[in-house]
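A look at the structure
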Amino acid sequence: MPGHVKAGGSKEPDPDPTPFLFVSFEMKKEDSLKPYDAKKSVWVPDGEGGFDEALIQEVKGDNIDVKVGWEPKTFKAAQVMQVNPPKMEKFDDVSNMTYLNEAAVLWNLKARYVAKLIYTYSGLFCVVINPYKRYPIYTNRVVKLYIGKRRNEVPPHLFAISDGAYQQMMTNSKDQSMLITGESGAGKTENTKKVITYFAILGANEKTKKDGAAPE
């Protein structure tokens, strides 16, 4: 996930990272129009390891009749999971969703990924899905967006986690650690490079301040 290469050359301004960090107003408006019934909208297994959204038709003891599209199906009650309301589409922290089930978490991650939002929080963790494309979210412009900001003040990003660790280290004078884990090809090495780069920029800015010059 390089994401730091500017197509216009080194003298060109950094590209706008907003579409890759924030859920746009248009997205929120479209999501708010999604059909939803708080009592009937559920997730059911699709038979291929994923889930389909369905509507409950009738509850018969431990069995639940649903419609997936126009197709009627029956599932055990334990297989049926509730759907979060539209206002929680593309939520930036899955731990704050109303219904925290497997299907809801997977759908939220997928919806954000399709919208080119590859970072999502899960409580203290930051989940990253490798887009295998260059996104302009590691430039100096993005670094400045996260320096000195609290995690809830900016959209999910590796830089927010990095800055939090740095501020904790400086405030409490204690060593900090970051665990970057994932399967082969998930982007562990690239993300580690981004963390090191972020700390290098922070260190350079701190030195510039001490020397009395304005940070770049």
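Relevant structure appears above.
Only a predicted model underlies this, so the values are computations on that prediction, with no experimental measurement involved.

In this section: the packing of aromatic side chains. According to the stated counting rule, one finds six aromatic pairs in the structure shown. Ring centres 4.8 Å apart and planes at 25° place the aromatic pair F159 and Y198 in the stacked group. One end of the pair, F159, is in helix α4 (residues 158-172); the other, Y198, is in helix α5 (residues 188-210), and 39 residues separate them in sequence. With a relative accessible area of 2%, F159 lands in the buried category. One aromatic cluster in this structure is built from Y138, Y146, F159 and Y198. One residue, R151, lies across the ring of Y121, its end atom 4.0 Å from the ring centre. In this structure, K194 packs its charged tip against the face of Y138, placed 5.1 Å from the ring centre.

Estimated volume of the largest pocket: approximately 970 Å³. Contributing to the lining of the largest pocket are 33 residues, with L124, F125, C126, I161 and L179 lying nearest its centre. Listed by contribution, the elements that provide at least two residues to the lining of the largest pocket are β7 (125-128), α4 and α5. If you tally residues by element for the lining of the largest pocket, the top one is α4, at eight residues. Across the lining of the largest pocket, the residue classes break down as 14 nonpolar, 13 polar and six charged. Of the pockets and cavities examined, the second largest pocket occupies roughly 290 Å³. What lines the second largest pocket is a set of 17 residues, and nearest its centre among them are V23, K28, K90, F91 and D92. Here the lining of the second largest pocket gets three residues from one element, more than from any other, and that element is helix α1 (residues 25-32). Split by residue class, the lining of the second largest pocket holds nine nonpolar, one polar and seven charged.

One can find H157 in the loop between α3 (140-146) and α4. At 2.8 Å, the side chain of H157 and the backbone nitrogen of F159 are in polar contact. Setting aside its immediate chain neighbours within four residues, H157 contacts L21, Y119, Y121, C126, I137, Y138, V142 and Y146.

To continue, consider the sheet that holds strand β2 (residues 51-60). Reading across from one edge, β4-β3-β2-β1-β5 is the order of the five strands in this open sheet, with antiparallel pairing throughout. Strands with a single pairing partner mark the edges of an open sheet, and in this sheet they are β4 (71-76) and β5 (81-82). Here five bridges tie β2 to strand β3 (residues 63-68), and the two strands are oriented antiparallel to one another. Looking across to β3, one finds that V59 is bridged to I64.

With a probe scaled to a water molecule rolled over the atoms, the places where space remains empty come into view. One pass over the structure, following the stated rule, counts one cavity of 30 Å³ or more. Approximately 70 Å³ is the volume attributed to the largest cavity. Here the lining of the largest cavity takes three residues from helix α2 (residues 102-114), the largest share from any one element. Broken down by class, the residue content of the lining of the largest cavity amounts to six nonpolar, two polar and one charged.

To continue, consider the environment of W43. You can see W43 is positioned in strand β1 (residues 41-45). Judged by its relative accessible area of 4%, W43 is buried. When the C-alpha positions of W43 and W107 are compared, they lie 9.8 Å apart, and in sequence the two are 64 residues distant. Beyond its immediate stretch of four places on either side in the chain, W43 contacts F51, D52, E53, Q79, V80, M81, Q82, V83, N101, A103, A104 and W107.

So, how was this worked out
- Residues numbered from 1 in each chain as written.
- Predicted model: local features only at pLDDT ≥ 70, side-chain atom pairs only at ≥ 80, totals over all residues.
- Heavy atoms only, no water.
- Phe/Tyr/Trp six-rings, centres within 6.5 Å; stacked < 30°, edge-to-face > 60°.
- Helix = DSSP H or I, 4+ residues; strand = E, 2+ residues; numbered from the N terminus.
- Buried < 20%, exposed > 50% of the residue type's maximum accessible area, 1.4 Å probe, protein only.
- Lys NZ or Arg CZ within 6 Å of the ring centre and 35° of its normal.
- 1 Å grid on protein atoms, 1.4 Å probe; cavity = no way out; pocket = protein on both sides within 12 Å on 5 of 7 lines; lining within 4 Å.
- Points joined across faces, edges and corners; volume = space filled by probe spheres on them.
- Nonpolar A, V, L, I, M, F, W, Y, C, P; charged D, E, K, R; others polar.
- Polar contact = N/O pair within 3.5 Å; in protein donor to acceptor, adjacent residues only side chain to side chain.
- Contact = heavy atoms within 4.5 Å.
- Pairing = 2+ DSSP bridges.

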